[in-house]
Number of protein chains: 4
Amino acid sequence: MRSFASDNNSGAHPAVMQALVDANPGDMKAYGDDEISIHTDEVLKEYFGSQARIHYVTTGTAANVLGLRAVTHTYNSVICSDVAHINTDECGAPEAFGGIKLVPVPTENGKLTPRAIAPYLGHIGFVHASQPKVISITQPTEVGTLYSLKEIEDICQFAHDRDLLVHMDGARIANACAALDCSFFDMTTALDVDLLSFGGTKNGCIMSEAVLFLNPDIGSGFPYLRKQAMQLVSKMRFVSAQLQAYLKDDLWLKNASNANAMARRLAEKAGQIPGVTIKGSVDCNAVFATMPPAATEILLEKYYFYVWDEHDHTLRWMTSWATTEEMVDEFVEDMRKAVESC
Amino acid sequence: MRSFASDNNSGAHPAVMQALVDANPGDMKAYGDDEISIHTDEVLKEYFGSQARIHYVTTGTAANVLGLRAVTHTYNSVICSDVAHINTDECGAPEAFGGIKLVPVPTENGKLTPRAIAPYLGHIGFVHASQPKVISITQPTEVGTLYSLKEIEDICQFAHDRDLLVHMDGARIANACAALDCSFFDMTTALDVDLLSFGGTKNGCIMSEAVLFLNPDIGSGFPYLRKQAMQLVSKMRFVSAQLQAYLKDDLWLKNASNANAMARRLAEKAGQIPGVTIKGSVDCNAVFATMPPAATEILLEKYYFYVWDEHDHTLRWMTSWATTEEMVDEFVEDMRKAVESC
Amino acid sequence: MRSFASDNNSGAHPAVMQALVDANPGDMKAYGDDEISIHTDEVLKEYFGSQARIHYVTTGTAANVLGLRAVTHTYNSVICSDVAHINTDECGAPEAFGGIKLVPVPTENGKLTPRAIAPYLGHIGFVHASQPKVISITQPTEVGTLYSLKEIEDICQFAHDRDLLVHMDGARIANACAALDCSFFDMTTALDVDLLSFGGTKNGCIMSEAVLFLNPDIGSGFPYLRKQAMQLVSKMRFVSAQLQAYLKDDLWLKNASNANAMARRLAEKAGQIPGVTIKGSVDCNAVFATMPPAATEILLEKYYFYVWDEHDHTLRWMTSWATTEEMVDEFVEDMRKAVESC
Amino acid sequence: MRSFASDNNSGAHPAVMQALVDANPGDMKAYGDDEISIHTDEVLKEYFGSQARIHYVTTGTAANVLGLRAVTHTYNSVICSDVAHINTDECGAPEAFGGIKLVPVPTENGKLTPRAIAPYLGHIGFVHASQPKVISITQPTEVGTLYSLKEIEDICQFAHDRDLLVHMDGARIANACAALDCSFFDMTTALDVDLLSFGGTKNGCIMSEAVLFLNPDIGSGFPYLRKQAMQLVSKMRFVSAQLQAYLKDDLWLKNASNANAMARRLAEKAGQIPGVTIKGSVDCNAVFATMPPAATEILLEKYYFYVWDEHDHTLRWMTSWATTEEMVDEFVEDMRKAVESC
């Protein structure tokens, strides 16, 4: 299968797979008390600050929902973009398993701003209204756009002025850091982001996500919550070993940079095909485009990708750490033929 | 580390690890729509019957809680042994994330019987009382004992006569089948067990569990529930590939047979040491024993295992697929020296 | 206190209070098995059809949340207006206690339409998306507008064509029926509304609401759910007795008609004051208006009412069964003086 | 109907009903901001101390579940007697709506002791185990027995030494105070009980319960929780007015004393009938007894009461504020005839 559908369609980077093989021999303590997990915690603290508390989970949905649940009462609400993954792609998990009310704020490009949020804060102190507690942003957003560091800082400032926390859904944070040429620290701790869903799976791991409490005043009790939420893996070494390899020798950065570069290459080349239009900017590893539906049909015979919006026939193409120039070029060539044949 | 603490302390069988490596190259569909997962479903149906519906999850707690949640209303209760994993070792997950009331029934050896259950059914049809819906048994039990096939059949009969379902927590079902010399089918579908938590992790996988609805009339909607419960892994091929290797060439049986044999060897040899007493029978891969606490102290310097009950200083030793005769013999030898020195 | 803030500020109609006094003597069965409750069920069936199943609760929030919960799985969503009481005034109860994801649809006048709903149905059959199950409408709406019977019928048709249910939040259904000159049956069962939150409290009771399942195929298990949801009142006769009096001799209609008439009187008279503007139509017993904020300040010294929207200084005035022509006229007179003095 | 089944079968004391009538005229603020509710808060503080925070709810189940939920995380457990109302008669509400794991401790007479509790505290600090947070006692117990003040104090001491809280289910606390000749304060605040479910309904109100946080460090956020839990009554004056009358002129004490006296009278007189055996002591207003089943059949034709335990044919008779000497004597006389005729 040749996929431009999602970075989830790629496998693991060989170095990550090798880390699994290397972690395998012998007995180790379970549930995160093993040496690999303990060391990986230390590695992550080098990236996010020594105050960070790190908890591994197996899915991005778990990272989002449990992080948010850990810092909210059920009478709190979480403000998010209307296209936020937590709002549209987690099958109601924040509500049902987090006990959280989401307040979706309409956005044009997936990005929240203080100005857009303000009217949605609701009646503070009014017993009939859910009380806002967290602003959740996704970086990069679900529609492929990026917050600048200044925009994140402004949201954090806005939030903290109102006693709110800021959560970042960083399922693809590596792609954002690569695109903005900054470190994980620059993008989170330095800007006073309070908690982070840190994703490794999409960028070269097999199943490795983490909740990071960057604000040292939040998140107590999380180990119990994680266990209760069915996310405490027994052979934890196999989760943390992935992240350790992922963070070694800038693998995360190389992988993300490749994915981003391949998306740019795809956008540039495909955008030159008459009949193909690239929509918006290509900030990371997602490309949104339109082409004649008949051409899409032809292309889908050989490739796997999504018609993102059936109303206006917007397509989404994603690249990953594993995408090569050859794959892009072949895809573009086939695209050209498909469009021309229609 | 040398562990007799838990089968969770062992790594993956090499064949399982190789399956991960083999599953890695290339793009595949995510969320279980890949060829490996689809094929693994078929393999599992060969073991459990074509009517079985199979859903992979990442932890045993998830398998138990989500399986039970899928077949209950929140006003239902689940009857279980007082030492059931769901009652004592899931940090309240069945209640908090499953919305389930557990009714723990006192047992001496971890095993439920119709006679023991009957007084705990509560007021059927009485609006103030949770209505029983499921009897949950663990095979082998948390204290290392085994239900005979006849005992399971009797519980199923008792349950179905009262419109109840039977759930089996089979985190170690392979050890039970090896011990009773029967197939998975013989132990579940053939006896009318309705749903099963099928475990691979403890017996040679890295993280691979499944909910199996054997009764075709239950479990609809589970795919949504699994996603909502944060258990839908994106790169699912890496979960199912483990199980595929695990089920190939009777690997599950060889692994479980070895674990069971090593436990028997340990019990037989350790039981001959004056001062060491083996408690109960050793039906699978758990051994319960007592020895002078001072000897335990010495042994814990080199080995890792649990003082199971601090009140009477009962120890639990577990063996796994990876335990060897040499490891057992060395452990016994060290034990002999430790006891003698006290 | 002189209130135009809410119909919740009025007491009970004397006939309702008398019913409580009359219901008091002697012993009766508890939890709804008393003669009064059983008879009230029969009375309500005369209004809503013999297929209706009736369950009393103590708050409108309970009626909404438990009715919706009874017909949904946690992976279902409920589509509602963005200003729906369930979305803005129940402190997240549908999410936290109902396990429900709400999908708020933007509306201008609080009214949903098939056309407005359609884009919010989401990805049917897509495991990552909450699956819509109910369309919830409020009649009259939270902003005082009314659905015509035809509009309700259209929504029911749209819903049923897609295997969705229709819930009506009828906290003020009496006002709607009075305004549209139709019966409860005409507005609900006849249009194929599936379930109703029936309110008595605001229109002359002290605390008396009910969940009515009009569709005979839904709502099984509700008695257990109500008990579990802390809403099964022991001395139920005192809830049902209110409704019995409320439904006798058209008291509900007289009360609602008075409230509606007083709102019209207020709107007509206040609207003639220069500087006071009535916003929108006055369909039932709510009046939205603007006046100079300084005049509001003066008026609030003597009267109790809400500044509904602080941004544009919209005021909400509500009338009730207990509002008299004299109260309205005095309020208007004081309003005239206040505005003139500014 | 002549009921010795439950104190829930009686109506309201006339003074309570009159308070409702008196509270009715005119407009008042809703949701507890009315003068009656505010004053009732003050009255309750006179009884329980000025630090007490009081929140009215409509059912005893709501008082129990919401009080407990307010002081627990979902990974906490609540230790209670195996016959506790929260364990057996709330249809799983603590689990499903409170997110709480209950740990039922076997008792012979419904009373917990530090010695009985100790083995059930579980693995403190062990991430796989629910962490105990509250010990919940019922005073008087569900089987009619009473804790002495010293016994309560001992439990509080035991609890606080372990950083646990003590909750008292005081659905019938008035009966306990009357029996032990002490004040509400003596039985709760003075002994360091942390939170109380205070019941009025069974002892002369129609529907009036309250959650009282006596420990000033707990219970923040409860107003939001109550609203979210569907328990914030709009016309709150009608709940608080009941309690105000109930607490005036020692009505609560007179009512409870009568109920207790009538139970003693019943036990003494019935106990003298050959064939009737009173079981245990009659500490408050519950009497447990046995008689020939055939006599029970005859008696049930005229009276309403429960066969409490079908296994040994134990009957439960309850008296209330409304029970008179004549009613008791007639019941006993009919009982004598019934037994003699068998």
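Since we're looking at a predicted model, the values are computed, not measured.

Participant: Quick question: what am I supposed to make of the relation of the copies chain C and chain A here?
Facilitator: The operation relating the two chain copies consists of a rotation about an axis and a shift along that axis. For the pair chain C and chain A, the best superposition has an RMSD of 0.0 Å and corresponds to a rotation of 180° with a translation of 0.0 Å parallel to the axis. Considering both components of the superposition, the chain copies are consistent with a two-fold axis. Taking C-alpha positions as reference, the residue of chain C nearest the rotation axis is Glu95(C), located at 2.6 Å. When the interface residues of chain C are mapped onto chain A, 100% of them again fall at the interface, so both copies present the same face.

Participant: Even after reading the chapter, I still don't get the relation of the copies chain A and chain B, so can you show me in this structure?
Facilitator: Placing chain A over chain B gives an RMSD of 0.0 Å and needs a rotation angle of 180°, together with 0.0 Å of translation along the axis. When the interface residues of chain A are mapped onto chain B, 100% of them are again interface residues, pointing to one common binding face.

Participant: How should the domain arrangement of chain A be read in this particular structure?
Facilitator: Residues and elements named next belong to chain A. Taken domain by domain, chain A comprises domain 1 (2-7 + 256-340) and domain 2 (12-250). Taking only C-alpha atoms into account, the centre of domain 1 sits 28 Å from that of domain 2. Tallying the contact residues gives 14 residues for domain 1 and 18 residues for domain 2. Seen at the junction of domain 1 and domain 2, the total is one salt bridge. Summed over the shared surface of domain 1 and domain 2, the result is four residue pairs in polar contact (both at pLDDT 80 or more). For the side of domain 1 that touches domain 2, the secondary structure elements donating two or more residues are helix 12 (251-271) and strand 10 (286-290). Considering each element in turn, the side of domain 1 that touches domain 2 owes the most residues, four residues, to helix 12. Looking at the side of domain 1 that touches domain 2, its residues break down into eight nonpolar, four polar and two charged.

Participant: Can you help me understand the pattern of salt bridges in this one?
Facilitator: Pairs may arise between side chains of opposite charge once their charged atoms sit close together. Taken as a whole, this structure holds 46 salt bridges over all chains when the rule is applied. One salt bridge in this structure joins Asp154(B) and Lys150(B), with 2.9 Å as the shortest N-O distance. Pair noted here: Asp154(B) and Lys150(B) are both in helix 7 (residues 149-161), with a separation of four residues, about one helical turn. Across the salt bridge formed by Lys302(C) and Glu330(C), the nearest N and O atoms sit 2.9 Å from each other. Remark: Glu330(C) occurs in helix 14 (residues 325-340) and Lys302(C) occurs in helix 13 (residues 293-302); sequence separation between them is 28 residues. Since its relative accessible area comes to 31%, Glu330(C) is described here as partly exposed. Because the salt bridges share partners, they merge into one network encompassing Arg2(A), Lys302(A), Glu330(A) and Asp334(A).

Conventions used here
Residues numbered from 1 in each chain as written. Chains lettered and ligands numbered in written order. Predicted model: local features only at pLDDT ≥ 70, side-chain atom pairs only at ≥ 80, totals over all residues. Heavy atoms only, no water. Least-squares fit on C-alpha atoms with pLDDT ≥ 70 in both. Contact = heavy atoms within 4.5 Å. Domains from an automatic or database assignment. Salt bridge = Lys/Arg side-chain N within 4 Å of Asp/Glu carboxyl O. Polar contact = N/O pair within 3.5 Å; in protein donor to acceptor, adjacent residues only side chain to side chain. Helix = DSSP H or I, 4+ residues; strand = E, 2+ residues; numbered from the N terminus. Nonpolar A, V, L, I, M, F, W, Y, C, P; charged D, E, K, R; others polar. Buried < 20%, exposed > 50% of the residue type's maximum accessible area, 1.4 Å probe, protein only.

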